[in-house]
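Chain and residue survey
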Amino acid sequence: MPSKSLSPKPRSIASKRTISIIASLYNEDLVNSLLNSSVDELRRIIPGVAINVYRVPGAFEIPVCAKKLIDYNEIDTLIALGVIIKGETAHAELVAGSVTQSLQEIATKSGTPIIHEVLLTETREQAMERCQGNKNRGTEAAKAAIQMSELFSSLDAARNRNS
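Report follows, based on the coordinates. Bear in mind the structure is a predicted one, so any value in this text is a computation, not a measurement.

1. Let's talk about the nonpolar core
Residues Ile19, Ile21, Leu42, Ile79, Leu81 and Val83 are the most contacted members of the largest nonpolar core, which totals 24 residues. Secondary-structure elements contributing two or more residues to this core are strand E1 (18-24), helix H1 (28-45), strand E3 (77-85), strand E4 (114-121), helix H4 (124-132) and helix H5 (137-162). Among the elements that make up this core, the one with the highest residue count is H1 (seven residues). Discounting residues that sit within four places of it in the chain, Leu42 has contacts with Ile19, Ile21, Val49, Ile51, Ile79, Ala142 and Ile146. One finds Ile22, Ile62, Ala92 and Ala107 within the second-largest nonpolar core, a separate group that totals 21 residues.

2. Focus on the sheet that holds E3
Strand order across the open sheet formed by four strands is E2-E1-E3-E4, with parallel pairing between neighbours. Unpaired on one side and paired on the other, strand E2 (50-56) and E4 mark the two borders of the sheet. Across the sheet, the axes of successive neighbouring strands diverge by a mean angle of 15°, strand direction being ignored. H1 rests against E1, E2, E3 and E4 of the sheet, and its axis sits at about 155° to E3.

Thresholds, definitions, all that
Residues numbered from 1 in each chain as written. Predicted model: local features only at pLDDT ≥ 70, side-chain atom pairs only at ≥ 80, totals over all residues. Heavy atoms only, no water. Core = buried A, V, L, I, M, F, W, Y, C linked by side-chain atoms within 4.5 Å. Buried < 20%, exposed > 50% of the residue type's maximum accessible area, 1.4 Å probe, protein only. Helix = DSSP H or I, 4+ residues; strand = E, 2+ residues; numbered from the N terminus. Contact = heavy atoms within 4.5 Å. Pairing = 2+ DSSP bridges. Axes fitted to C-alpha atoms, helices over the stretch in contact; angles between N-to-C directions.

Take a look at the structure:
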């Protein structure tokens, strides 16, 4: 299936989408910027989208929350938001690696797209640039969530036509 850009106007079916966002409370100011950007972009592209936001203490708790949400709720796409800033030990890399692997495993086993924007940066300045600047990953997460939601809807429709 060829890749195409998002249309500037939402499709009529898109207004029935449910997108859940799990956002870490650690580095809250940075994550709040990602969260606000994601929500704003989702509503800009799909004004009627249902957005559910869940806050967890830190990035490490995101995967278990994602699993619970996917197991018990109808979710078209999930967005995971967090910011991990490296320190003097390997803790940040261990958490980031664990979160990445867990989210990928949950996504592939459940068949639910998870947009991974749990950022691992060297410095707070790098994190600010990706959360508040021109490289805002919250906006990009929203666009990716919509693209995956549209793609999976198309795949489901094709499967239903062929059944």
